[in-house]
Amino acid sequence: MSDYNFAYLDEQTKRMIRRAILKGLAIPGYQVPFASREMPMPYGWGTGGVQVTAACLTPDDTLKVIDQGADDTTNAVSIRRFFEKTAAVGVTQATSVATVIQTRHRIPEEPLNEDQILVYQVPIPEPLRFLEPRETETRKMHALEEYGLMHVKLFEDISQHGQIATAYAYPVKVEGRYVMDPSPIPRFDNPKMEMSAIQLFGAGREQRIYAIPPYTQVVSLDFDDYPFEASKADGACALCGADHTYLDEVIVDDDGGRMFVCSDTDYCESRRQAGHIGEQGTPYGKDAA
Amino acid sequence: MELTALSGGFENTAHQSATAFRAIMNVMARPGVIETVTGAVPPKGLSTAAGSLLLTLCDPETGVHLAGELDSEPVRDWLTFHTGAPIVAAPQADFALGAWDDLLPLTQYAIGTDQYPDRSATLIVELPALTQSGVTLTGPGIRDSAQLSLPALEPFRLNAALFPLGCDFFFTAGDKIAALPRTTKPEPTPCM
Ligand SMILES: [Zn+2]
């Protein structure tokens with residue numbers, strides 16, 4: 001026997017988290033309080049997401065973990081290893097093969113299917129927090145659907161910048177009721193939130209779980225005169241040529257040379273495997289790097 | 001306490017509850033979908049699905065209300081032994097278990113508060129059978145529409161009208177389970 005419970009958490013904690021997940025699914029976008037546990041990793045590493053994943057995993061799952069779209073960052077690798085060790089689940093980097101995907105700051109480019117679960121790591125679950133620091137007040141605002149301040153903030157963006165400048169954690173309204181923080185994903189990803197998979201959100205430090213069932217209406221807040229746009233950097237991925245993906249700007253040499261590449265590394269690699277080549281790409285398998 | 005109360009729990013709690021929860025979560029996320037949930041061998045009168053659900057979600061933190069014939073000594077003993085959940089009256093229930101008629105009226109259960117709509121009861125309705133026919137369902141979790149053999153229509157419509165407050169429902173029959181969250185809008189299925 002291993003030294004750990006299956007997926008690390010004790011059964012009573014998992015039950016408590018599972019009950020919170022069910023309430024979250026029944027009340028889409030509403031932040032369900034839960035008693036977050038200490039995890040063997042710092043809060044900044046997504047302990048909320050880790051606890052939600054731990055409560056969801058079955059021994060038959062195949063887990064993918066991404067951090068800003070990449071599977072190979074320290075954070076993603078650590079979480080993947082953690083569950084390999086504590087839950088003995090299979091792991092993968094391929095979006096299409098994964099049954100549970102834990103993510104920090106991105107939604108995979110490849111559309112998810114009905115058999116998949118997307119778990120978000122959330123640093124600040126309360127979309128109204130920067131407008132109102134008091135939890136007692138934000139809770140009342142949600143109860144009364146008092147979301148005027150949020151629109152004021154977005155409108156201030158427009159008067160200052162000529163457009164809505166909020167690029168990440170762009171607030172959404174779920175099923176016409178709760179305004180929700182989608183976690184710091186780029187707003188490019190917002191339209192993907194109306195998907196076939198189950199979406200679960202875990203905030204460890206703030207002790208909140210929320211959820212979006214499949215096929216649920218998720219609308220990015222906007223104005224008639226300034227409709228929401230899922231913006232991204234202009235241009236195409238230098239490696240695979242994709243012009244429809246979210247791009248990261250990376251520095252490629254000591255002289256400050258830059259290029260844009262897909263932030264979703266698995267998606268980029270799949271495209272290159274399929275023969276797509278970007279301006280600075282090489283045929284797949286013939287990388288000098 | 002009868003000796004039978006001591007048996008029929010999960011043999012491997014961590015794995016069986018994880019597998020059961022996946023099915024439970026999936027039906028709550030996708031109203032109208034029917035899944036199989038097993039693992040528990042509950043006393044007579046209680047279905048495998050309902051027993052497995054209770055073992056997966058209940059513990060000393062959750063008050064369980066037993067309605068009608070399911071408020072029996074064997075069920076009480078089994079539930080208490082395996083989950084430690086306190087047996088409570090309907091208004092205090094986190095979970096309420098029973099046949100449909102025995103669970104009524106729905107007005108006696110917690111529906112949450114404006115600030116905490118999650119502080120509401122989840123009802124586990126034991127049915128003789130569960131099929132994807134009958135009432136037409138739309139809402140979150142449903143691509144176009146779904147059908148489910150609900151035991152009634154009007155009480156669920158009234159419950160949905162309370163959103164974001166309201167109760168949530170599981171339906172169990174044998175080892176089958178389906179769910180109806182408060183977001184689902186039930187309508188009569190038009191005649192073909
Ligand atoms: Zn690319």
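Being a predicted model, the structure only gives us computed values, none of them experimental. (Residues numbered from 1 in each chain as written. Chains lettered and ligands numbered in written order. Predicted model: local features only at pLDDT ≥ 70, side-chain atom pairs only at ≥ 80, totals over all residues. Heavy atoms only, no water.)

### Some words on the overall build of chain B
Here is step 1: The helix and strand inventory of chain B stands at 5 helices and 9 strands.
Here is step 2: Counting from the amino terminus, helix and strand elements in chain B follow one another as α-β-α-β-α-β-α-β-β-β-α-β-β-β.
Here is step 3: Here the C-alpha radius of gyration of chain B, 16 Å, is about what a compact globule of 192 residues would show, namely 16 Å.
Here is step 4: Every one of the 192 residues in chain B was classed for burial, and the buried ones make up 55%. (Helix = DSSP H or I, 4+ residues; strand = E, 2+ residues; numbered from the N terminus. Rg over C-alpha atoms; globule rule 2.2 N^0.38 Å. Buried < 20%, exposed > 50% of the residue type's maximum accessible area, 1.4 Å probe, protein only.)

### Quick look at the packing of helix α1 (residues 13-29) of chain B against helix α2 (residues 48-57) of chain B
Residue and element names in this part refer to chain B.
Here is step 1: Here α1 crosses α2 at 110°, and the two axes come no closer than 9 Å. Classed by the angle they form, the pair α1 and α2 counts as roughly perpendicular. Contacts from Ser17, Ala20, Phe21 and Ile24 in α1 reach Leu53, Thr56 and Leu57 in α2.
Here is step 2: In the contact of α1 with α2, the residues fall into 5 nonpolar, 2 polar and no charged. (Axes fitted to C-alpha atoms, helices over the stretch in contact; angles between N-to-C directions. Parallel < 35°, antiparallel > 145°, perpendicular 65-115°, else oblique. Contact = heavy atoms within 4.5 Å. Nonpolar A, V, L, I, M, F, W, Y, C, P; charged D, E, K, R; others polar.)

### Here we look at helix α3 (residues 73-83) of chain B
An α-helical segment advances 3.6 residues per turn. Residues three or four places apart therefore align on the same side.
Here is step 1: Residues Val75, Asp77, Trp78, Leu79 and Thr83 of chain B constitute the buried set of α3 of chain B.
Here is step 2: Two residues or fewer past α3 of chain B, Gly84 of chain B is found with a positive phi of approximately 75°.

### Focus: the pairing of strand β8 (residues 176-180) of chain B
All names here are of chain B.
Here is step 1: A large share of β8 lies buried, amounting to 4 of its 5 residues.
Here is step 2: Direction of pairing for strand β1 (residues 35-36) relative to β8: antiparallel, over a ladder of 2 bridges. Within β8, the residue paired with Thr36 across the bridge is Lys176.
Here is step 3: In this sheet, β8 lies alongside strand β7 (residues 168-173) in antiparallel orientation, the contact comprising 5 bridges. (Pairing = 2+ DSSP bridges.)

### Here we look at α2 of chain B
Here is step 1: Among the 10 residues in α2 of chain B, 9 count as buried, and that is most of the element.
Here is step 2: For α2 of chain B, the full list of buried residues reads Ala49, Ala50, Gly51, Ser52, Leu53, Leu54, Leu55, Thr56 and Leu57 of chain B.

### Description of the interface of chain B and chain A
Here is step 1: In this complex, chain B contributes 42 residues to the contact, which on the side of chain A involves 40 residues.
Here is step 2: In this assembly, chain B packs against chain A so that about 3400 Å² is buried in total across both faces, 62% of it on carbon and sulfur atoms.
Here is step 3: For chain B, the biggest contributors to the area lost against chain A are Arg22, Arg30 and Gln115 of chain B; these three give 18% of the whole.
Here is step 4: One salt bridge in this structure joins Arg15 of chain A and Asp59 of chain B, with 2.9 Å as the shortest N-O distance.
Here is step 5: Across the chain B-chain A interface, the total number found is 17 residue pairs in polar contact (both at pLDDT 80 or more).
Here is step 6: Of all the secondary-structure elements, those providing two or more residues to the side of chain B that touches chain A are α1, α2 and β7 of chain B.
Here is step 7: Per element, the largest residue contribution to the side of chain B that touches chain A is 13 residues, and it comes from α1 of chain B.
Here is step 8: Taken together, the residues that form the side of chain B that touches chain A break down as 20 nonpolar, 13 polar and 9 charged. (Buried area = accessible area lost by both parts, 1.4 Å probe. Salt bridge = Lys/Arg side-chain N within 4 Å of Asp/Glu carboxyl O. Polar contact = N/O pair within 3.5 Å; in protein donor to acceptor, adjacent residues only side chain to side chain.)

### Brief notes about the environment of Ile17 of chain A
Here is step 1: If you trace the backbone, Ile17 of chain A turns up in helix α1 (residues 11-26).
Here is step 2: With near-sequence residues (within four places) excluded, Ile17 of chain A lies in contact with Leu9, Phe34, Gln51, Val52, Ala55 and Ile209 of chain A.

### Quick word on the pattern of salt bridges
All names here are of chain A.
Here is step 1: Across all of its chains, the model carries 23 salt bridges over all chains by this definition.
Here is step 2: Ionic pairing is found between Arg106 and Asp189, a salt bridge with its closest N-O pair at 2.7 Å. Taken as a pair, Arg106 in the loop between β4 (100-104) and β5 (117-121) and Asp189 in the loop between β7 (178-180) and β8 (198-203) lie far apart in primary sequence, 83 residues in all. Just as Arg106 is buried, Asp189 falls in that class too.
Here is step 3: When the shortest N-O distance is used, the salt bridge between Glu135 and Arg139 registers 3.1 Å. One end of the pair, Glu135, and the other, Arg139, are both in helix α4 (residues 135-143), 4 residues apart, so they sit about a helical turn from each other.
Here is step 4: Residue class for Arg139 comes out buried when judged on its relative accessible area of 8%.
Here is step 5: A cluster of three or more residues bridged by salt bridges with shared partners is formed by Arg106, Glu109, Asp189 and Lys192.

### A few points about the coordination of the zinc ion
Residues and elements named next belong to chain A.
Here is step 1: In this structure, Cys237 (SG), Cys240 (SG), Cys262 (SG) and Cys268 (SG) serve as the protein donors to the zinc ion, at separations of 2.2 to 2.3 Å.
Here is step 2: Here the zinc ion binds 4 donor atoms, and the angle range of 102 to 118° at the metal identifies the geometry as tetrahedral.
Here is step 3: Going along the chain, you hit the donors of the zinc ion in the pattern C-x2-C-x21-C-x5-C.
Here is step 4: Using a relative accessible area of 1% as the deciding quantity, one classes Cys240 as buried. (Donors = N, O, S within 2.8 Å, 3.2 Å for Na, K, Ca; no water. Tetrahedral: all angles 85-135°; square planar, octahedral: opposite > 155°, others 65-115°.)

### A short note on the packing of aromatic side chains
Here is step 1: Inspection of every chain in the model, using the stated rule, returns 12 aromatic pairs over all chains.
Here is step 2: Taken together, a centroid distance of 4.9 Å and an interplanar angle of 25° make the contact between Trp100 of chain B and Phe156 of chain B stacked. Within this pair, whereas Trp100 of chain B is found in helix α4 (residues 100-103), its partner Phe156 of chain B is found in helix α5 (residues 154-161), the two being separated by 56 residues in sequence. There is no split in this pair, since Trp100 of chain B and Phe156 of chain B are both buried.
Here is step 3: Taken together, the aromatic side chains of Trp100, Phe156, Phe169 and Phe171 of chain B make up a single cluster linked through ring pairs.
Here is step 4: We note Arg177 of chain A situated over the ring of Tyr178 of chain A; from NZ or CZ to the ring centre the distance is 4.3 Å. (Phe/Tyr/Trp six-rings, centres within 6.5 Å; stacked < 30°, edge-to-face > 60°. Lys NZ or Arg CZ within 6 Å of the ring centre and 35° of its normal.)

### Considerations on the confidence of the model for chain B
Here is step 1: Summing up the model confidence of chain B, the mean pLDDT is 96 and the portion of residues at 70 or higher is 98%.
Here is step 2: Predicted as a complex, the structure gets a pTM of 0.96 and an ipTM equal to 0.98. (pLDDT = per-residue confidence, 0-100.)

### Some thoughts on the sheet that holds β8 of chain A
Residues and elements named next belong to chain A.
Here is step 1: One open sheet accounts for 7 strands, arranged β1-β9-β8-β5-β4-β2-β3; its pairing is mixed. Only two strands of the sheet have a single neighbouring strand rather than two, namely β1 (32-33) and β3 (90-91).
Here is step 2: As defined by bridge partners, β1 adjoins strand β9 (residues 208-212) across 2 bridges and the pair is classed as antiparallel. Each bridged residue has a counterpart across the sheet, and for Pro33 the counterpart in β9 is Arg208.
Here is step 3: Against the sheet, helix α3 (residues 74-87) contacts β2 (62-67), β3, β4 and β5, and its axis sits at roughly 160° relative to β2.

### Digging into the pairing of β2 of chain A
On a regular strand, each side chain points to the face opposite its neighbour's, so the side chains alternate between the two faces of the sheet.
Residues and elements named next belong to chain A.
Here is step 1: Burial within β2 is extensive, with 6 of its 6 residues counted as buried.
Here is step 2: Here β2 shows a buried face lined by Thr62, Lys64 and Ile66 and a second buried face lined by Leu63, Val65 and Asp67.
Here is step 3: Sheet topology note: the β2/β3 ladder contains 2 bridges and is parallel. Within β3, the residue paired with Leu63 across the bridge is Val91.

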